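# Secondary and tertiary structure notes
Each chain is listed here by its residues.
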Amino acid sequence: MEECISVFDMLKIGVGPSSSHTLGPWRAAERFLVELRAENLLQNITQIKVDLYGSLSLTGKGHATDLAVMLGLSGQDPEYIPVENIASIIKEIEDKNEINLGNEKVIPFYFLQDIIFNKNFLPFHANGLSFTAFLNDESQYTSTFYSIGGGFVVKEERENAKKKHQIKCAFPFPIQNAEELLQYTIKENKSISEIVYANEISMRPEAEVHSELMRVWNTMLECMYIGCHSEGILPGGLNVRRRAFDMHQNLIGLSNYNSPQEWLETIRKTEVKFRQILKWVSCFALAVNEVNAALGRVVTAPTNGSSGVIPAVLMYYMVIENHQADEKQIKQFLMVAGEIGSIFKKGSTISAAMGGCQAEIGVSSAMAAGALCEVMGGTPDQVLMAAEIAMEHHLGLTCDPIGGLVQIPCIERNTMGAIKAINAAELAMETDAKNAKVPLDKVINTMWETAKDMNSKYKETSEGGLAVAVNMADC
């Protein structure tokens, strides 16, 4: 079944630390409430139990899956909840042993008993969770969801598949793979971003497309700003010290500014030797993923664990590569990145629980590389070549978070993905894409075959790699 995926499906505003293990379960809880209301059951509920399966269970504590479920059942929206309120909402649930379902019905809720971590995997997907509502007539209502990466949530029966297909058919340029996208650009004599824009405005007004793209960018910018101005130790028990703050201080010195935009303008005036460029790009990526690790607001791009790559590369373009860059280039960059991400999702996976870290950092690096290539003047085939180069050199990357936390090695990996993206874009710009030996669709298929061959202990289970080589006690 073909899918219609918008840029705004790939670039979602939410809360850290994980799109598949935090944002997805949060959205699943919201959807469960919708089902209960549709069945007129919410007011008849006496108890709710939540079962987490597979990777959601094995790394759920480190990814705050249990907290996300409680927040979702409470009726909180991850896109708009004031992040400073999260701790108090959770504390109230834990202290009172009750939860206010959708802000409509208060029931007893003992989080240590009512959220159950099951290590077994459900057959459909590695990230499964079931909600069971117990009713006052002693009957039960159960619904099972799967968090398939990037904040996307589905049910096994794929109830929305027909609706998605109908929306896709409304696209003037339906796209399933990179070759289709390239052919549209040739036939229409348009850039990739122009093709994507035509699809977006077929679903929503132009003004909304503009405002939402800028809201995504402003969220990214604010996230980098917060991360660069926050110090201390990240939560979770690994005692990871924030590094973006010190790196930023060393780079920017005693400069004065009062807002994220003034900060951006200030950075444009700093020294840009090669080492400083490496440090700035790394600083931007670290900042985002430190905010993410602290349950801050980030843009899923395409996942939370890889949310630092695209902002870091776009910021690099804004403050180092092109000081005249403005909203036009920002929107162009985000549209290309989103489309490349959607092609990976359709042809492979953006879930580390299915494909390892190649599905997260690898895909985000490919998205950023292609987007950077276009705004720097690359042709559509060079854009796709840049994305291919970036992914080619992430193939086989495993997901092995220490303690199940999105911290080690996840935070640093975003710096690597960002630097590789810039390198990939430059290589593509200097190459005649007609001489490319590996098409993007081939590397996407290879990534999926690699994912299927990868041992499950390297797929976000914390049962292999660094997760077993380094003990929590060592930290």
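Predicted, not measured: the structure shown is a model, and the values here were computed from it.

A few words now on the overall build of the protein. Within the protein, the secondary structure is distributed over 21 helices and 9 strands. For 475 residues, the compact-globule formula gives about 23 Å, and the C-alpha radius of gyration of the protein, at 22 Å, lands near that figure. C-alpha atoms of the protein, sized along the principal axes, occupy 70 × 55 × 45 Å. The buried share of the protein, reckoned over its 475 residues, is 58%. Summed over all atoms, the accessible surface of the protein reaches about 19,000 Å², with 50% contributed by carbon and sulfur. Looking at charge distribution, the protein has the averaged site of its 41 positive side-chain charges lying 1 Å from that of its 57 negative ones.

Here the focus is the sheet that holds strand 6 (residues 127–135). Overall, mixed pairing links the 5 strands, which are arranged 5-2-6-7-8 in an open sheet. At either end of the open sheet lies a strand with only one pairing partner, and these are strand 5 (115–118) and strand 8 (152–154). Between one strand axis and the next, the sheet turns by 25 degrees as a mean value, whatever way the strands run. Examined bridge by bridge, strand 7 (residues 140–149) and strand 8 share 3 bridges and lie antiparallel to one another. Across the sheet, Ser147 pairs through a bridge with Val153, a residue of strand 8. Where helix 2 (residues 19–38) meets the sheet, it contacts strand 2 (45–54), strand 6, strand 7 and strand 8, and its direction lies at approximately 150 degrees from that of strand 7. Most of the contacts of helix 4 (residues 65–73) go to strand 2, to which it runs at about 145 degrees, and overall it touches strand 2, strand 5 and strand 6.

Right, let's get into the nonpolar core. Of all hydrophobic cores here, the largest spans 115 residues; its most connected members are Trp217, Trp263, Ile310, Met315, Leu334 and Leu372. Of all hydrophobic cores here, the second largest spans 36 residues; its members include Met70, Leu71, Ile81 and Ile93.

Turning to the UniProt feature "domain: Serine dehydratase-like alpha subunit" (unreviewed entry) in the protein, a few remarks are in order. In the numbering used here, UniProt assigns the "domain: Serine dehydratase-like alpha subunit" (unreviewed entry) feature to residues 188–467. The span residues 188–467 shows a helical share of 61% and a strand share of 1%, and its end C-alpha atoms are spaced 49 Å apart.

Look at helix 20 (residues 440–453): 20 Å from first C-alpha to last across 14 residues, which is about the 20 Å you get at 1.5 Å a residue. Those residues of helix 20 not exposed but buried are Leu440, Val443, Ile444, Met447 and Ala451. An end-on view of helix 20 places all buried positions within 105 degrees of arc, on one side of the element. Across from the buried face of helix 20, at angles greater than 90 degrees, the exposed residues are Lys442 and Asp453. Check the buried side of helix 20 and you find it contacts helix 8 (178–188), helix 15 (327–347), helix 16 (352–355), helix 17 (361–375) and helix 18 (380–392).

The full count for this structure, using the stated rule, is 19 salt bridges. Lys155 is the partner of Glu35 in a salt bridge, and the nearest nitrogen-oxygen pair spans 2.9 Å. Pair noted here: Glu35 is in helix 2 and Lys155 is in the loop between strand 8 and helix 7 (161–170), with a separation of 120 residues, a long-range link. Lys155 matches Glu35 in its accessibility class, with the two residues each being buried.

What follows is about the pairing of strand 3 (residues 98–101). If a strand is regular, its side chains alternate between the two faces of the sheet. A one-sided burial pattern is seen for strand 3, the buried positions being Ile99 and Leu101 and the unburied ones Glu98 and Asn100. Pairing analysis gives 4 bridges linking strand 3 to strand 4 (residues 105–108), with the strands arranged antiparallel. When the bridges of strand 4 are listed, Glu98 appears paired with Pro108. Here strand 3 folds back onto strand 4, and the loop between the two strands holds 3 residues, one of which, Gly102, carries a positive phi near 55 degrees.

Each value, and the rule that gives it
Residues numbered from 1 in each chain as written. Predicted model: local features only at pLDDT ≥ 70, side-chain atom pairs only at ≥ 80, totals over all residues. Heavy atoms only, no water. Helix = DSSP H or I, 4+ residues; strand = E, 2+ residues; numbered from the N terminus. Rg over C-alpha atoms; globule rule 2.2 N^0.38 Å. Buried < 20%, exposed > 50% of the residue type's maximum accessible area, 1.4 Å probe, protein only. Areas by Shrake-Rupley, 256 points an atom, 1.4 Å probe, with all protein chains shown as cover. Lys, Arg positive; Asp, Glu negative; His and termini not counted. Charge placed at Lys NZ, Arg CZ, Asp CG, Glu CD. Pairing = 2+ DSSP bridges. Axes fitted to C-alpha atoms, helices over the stretch in contact; angles between N-to-C directions. Contact = heavy atoms within 4.5 Å. Core = buried A, V, L, I, M, F, W, Y, C linked by side-chain atoms within 4.5 Å. UniProt positions renumbered as here; feature names shortened; annotations may be inferred. Expected span 1.5 Å × (residues − 1). Arc of directions from axis to C-beta. Salt bridge = Lys/Arg side-chain N within 4 Å of Asp/Glu carboxyl O.

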